[in-house]
Amino acid sequence: MDPNQRSSTNCKRQVNRGVLDLPHEMISEILCRLPTESILICRVVCKTWYAITKDPCFINTLGNSHYQPTRLILKPLPYEDIGRTPYYLVLVDMEKHKTRRIPLEKMFQELQITCSCNGFLSMAPPKKLDPVVIYNPITGDRLILPLSNSKSKVSCQVVGLGFDASTNKYKVVRAYTGLSSRRKVRRFEIISLGESSWRELSAPQRIVNRDSSGVTFLSGALYWTMSKGISTIVVQFDLTDEKFRVISFPRYFSSRHVSLGLVDIRGIVTLVQGDSNTVRLWRIGDGEGEDELSFYFYISYDTHVKWGGGFSCAFLRQINQESYLLQVGYWNSQNERQEHLTQYFPNKVQFLDLKLRGLPDSFKTLCFKPSLVPLPK
């Protein structure tokens, strides 16, 4: 070999060796700045990197790192033609405008994503109690929860997943409507990950006689949207004391004929009320009585778009101080549902359609922060 080539090769080897021999703290800091999927690739480089990325301190630091932004996880909605039904999830990186497909195992194909918490997804069938699965789509880890003791047929089920910081335990709560002796029975059940059985929760009568349409984990509690006819309420379930609280609306608030959704805006639980061409945001504060909560008006925007007539709009999250991320849907000329992601600038009254390759035609969306946290056994 030419002496110059030999010298260059030795230099490269020294540099590569030097990277591997960096202090563990520095390697950890570098790895924390990578996307979570890239960290999984780095695990196979050497035993040192594998050990660092498996360390609980590193995983905890990664979860709290501002280099790991909140993303979106999408589950394509099934087609009427079962042969065209997609069996994958889509992970969306809004900052880099990229999408990545995550193949789904056969057991997940009939399950819906119901809630997201710390990188875990709760998945369950909408009209059966079992199975309920906790799934980390980044690592592929899954945990099938114990079967329910209830034998009743189910017409509707909504499952929520949350983290109780006081006990460092993940808890799963489900609300379901069962059919017993020709009458509807609405029940709530709870289980902590690692426990062997579900237990029934006692809920106020005002809650029990309503159907659940969605649940969200925000700021240490589960929030349920519940309806009876055209009347809608929002219910908070505190994971620490395991109590339900109805969040009341002001007297001048009308929840009829509007779309309601709960989102996290800068760490604050916010109710989005969409009515025709106006969007109003409400926040949660103390109610009139002790241990009561109530919504108070925060801000409103004129979208200058008349929603309805086949068009729908749902707030997903705040992108920055000037804009929000929306999911806009409509029915095309073939009577098929079409949806896309849109950036909305309320002060400029502008809508920017995000041209992201790899999005399914119609999908259910949850905000999701990738994590390497192992599932509790």
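Residues numbered from 1 in each chain as written. Predicted model: local features only at pLDDT ≥ 70, side-chain atom pairs only at ≥ 80, totals over all residues. Heavy atoms only, no water.

1. Re the sheet that holds strand β24 (residues 363-368)
For the record, the criterion: Pairing between strands is defined by DSSP: at least two bridges between the two strands are required. The helix count covers DSSP runs of H or I at least four residues long, the strand count covers runs of E at least two residues long, and both are numbered beginning at the N terminus. Axis definition: a line fitted to C-alpha atoms, over the contacting stretch in the case of helices. Angles run 0 to 180 degrees between N-to-C directions.
Strands sit in the order β3-β2-β1-β24 across an open sheet of four strands; the sheet is antiparallel. Looking at the sheet topology across the chains shown, the edges are occupied by β3 (98-103) and β24. Along the sheet, successive strands turn relative to each other by an average axial angle of 25°, direction set aside. In this structure, strand β1 (residues 71-76) lies alongside strand β2 (residues 88-93), joined through three bridges in antiparallel fashion. Looking at β2, one finds that Ile73 is bridged to Leu91.

2. Structural notes on the pairing of strand β4 (residues 112-117)
Using the following cut-off: Accessibility here uses a 1.4 Å probe with only protein chains present; expressed as a share of the type maximum, an area under 20% marks a residue as buried, one over 50% as exposed, and anything in between as partly exposed.
Taken across its six residues, β4 has five buried, putting it largely inside the fold. Sheet analysis places β4 next to strand β5 (residues 120-124), joined by five bridges and oriented antiparallel. Paired with Cys115 across the two strands is Ser122, which belongs to β5. The turn linking β4 back onto β5 is made up of two residues, and Asn118 within it adopts a positive phi angle of 50°.

3. Considering the nonpolar core
Cut-off, in case you're wondering: Only buried Ala, Val, Leu, Ile, Met, Phe, Trp, Tyr and Cys residues count toward a nonpolar core, and they belong to the same one when joined by side-chain atoms within 4.5 Å.
Counting 34 residues, the largest nonpolar core has Ile134, Leu145, Val172, Leu222, Trp224, Phe237 and Phe244 as the members making the most contacts within it. If you list the elements that add at least two residues to this core, you get β4, β5, β8 (153-164), β9 (169-180), β10 (183-192), β12 (211-218), β13 (221-228) and β14 (231-238). A per-element tally of this core places β9 first, with four residues. Within the second largest apolar cluster, 26 residues are counted, among which are Ile27, Cys42, Leu91 and Leu121.

4. Some thoughts on the pattern of salt bridges
Heads up, the condition is: One speaks of a salt bridge when a side-chain nitrogen belonging to Lys or Arg is within 4 Å of a carboxyl oxygen belonging to Asp or Glu.
One pass over the full model with this rule turns up 13 salt bridges. Linked by salt bridges that have partners in common, Asp164, Lys171, Arg199 and Glu242 make up one network.

5. Considering the environment of Lys369
Operational definition: We call two residues contacting when some pair of their heavy atoms lies within 4.5 Å. Any pair of nitrogen or oxygen atoms within 3.5 Å is treated as a polar contact; in protein, a donor-acceptor pairing is required on top of that, and neighbouring residues in sequence qualify only through side-chain atoms on both sides.
Take Lys369: it is sitting in the segment after β24. Spatially, the C-alpha atoms of Lys369 and Gly63 are 8.1 Å apart, while their sequence positions differ by 306 residues. If sequence neighbours within four positions are ignored, Lys369 has contacts with Gly63, Ser65, Gln68, Pro69, Asn118 and Gly119. Of note is the side chain of Lys369, whose polar atom sits 3.2 Å from the backbone oxygen of Gly63.

6. Remarks on the sheet that holds strand β6 (residues 133-135)
Sheet strands line up and pair through hydrogen bonds in the backbone, either parallel or antiparallel. The four strands are arranged β4-β5-β6-β7 in an open sheet whose pairing can be described as antiparallel. Two strands in the sheet have a free side with no partner beyond their single neighbour: β4 and β7 (142-144). With strand direction ignored, the average angle separating the axes of adjacent strands in the sheet is 20°. Of the pairings in the sheet, the one linking β5 to β6 comprises three bridges and is antiparallel in character. Residue pairing for β6: Met123 is matched across the bridge by Val133.

7. Things to note about the packing of aromatic side chains
Note the threshold: Each aromatic pair joins two rings of Phe, Tyr and Trp (for Trp, the six-membered one) with centres within 6.5 Å, and gets the label stacked for planes under 30 degrees apart, edge-to-face for over 60, and tilted for any other angle.
Considering all chains together, one arrives at 13 aromatic pairs under this definition. A ring pair is formed by Phe108 and Tyr135, whose centres lie 4.6 Å apart and whose planes are at 40°; its orientation type is tilted. With Phe108 in the loop between β3 and β4 and Tyr135 in strand β6, this residue pair connects regions lying 27 residues apart in the sequence. Measuring from ring centre to ring centre gives 5.3 Å for Phe315 and Tyr324, while their planes differ by 55°; the resulting arrangement is tilted.

8. Description of the confidence of the model for the chain
Test applied: Every residue carries a pLDDT, the predictor's confidence in it, which falls somewhere between 0 and 100.
Taken residue by residue, the chain gives an average pLDDT of 83. The fraction at 70 or more is 88%. Here helix α1 (residues 3-20) stands out as the least confident element of the chain, with mean pLDDT 48; β6 is the most confident, with 95. Note that residues 5-15 has pLDDT below 50 and, in this model, two contacts with residues that lie over four places away or in other chains.

9. Re helix α4 (residues 47-54)
Convention followed: As used here, the arc belongs to the directions running from the helix axis to the C-beta atoms.
Considered for burial, the residues of α4 that qualify are Trp49, Ile52 and Thr53. One face of α4 carries all of its buried residues, which in axial projection span an arc of 90°.

10. A word on the packing of helix α2 (residues 24-32) against α4
A packed helix pair is summarised by two numbers, namely the angle formed by the two axes and the spacing between the axes. Threshold: Note on terminology: angles under 35 degrees are roughly parallel, angles over 145 are roughly antiparallel, angles of 65 to 115 are roughly perpendicular, and the others are oblique. Each helix crossing is assigned a hand: it is left-handed if the near helix lies turned anticlockwise from the far helix by less than a right angle, otherwise right-handed if that turn is clockwise. Note on residue classes: Ala, Val, Leu, Ile, Met, Phe, Trp, Tyr, Cys and Pro are nonpolar, Asp, Glu, Lys and Arg are charged, and everything else, Gly too, is polar.
At their nearest, the axes of α2 and α4 sit 10 Å apart, and the two run at 70° to each other. It follows from the interaxial angle that α2 and α4 lie roughly perpendicular. Here α2 runs over α4; the crossing is right-handed. Within the contact between the two elements, α2 uses His24, Ile27, Ser28 and Leu31 and α4 uses Thr48, Trp49, Ile52 and Thr53. A per-class count over the contact of α2 with α4 returns four nonpolar, four polar and no charged.

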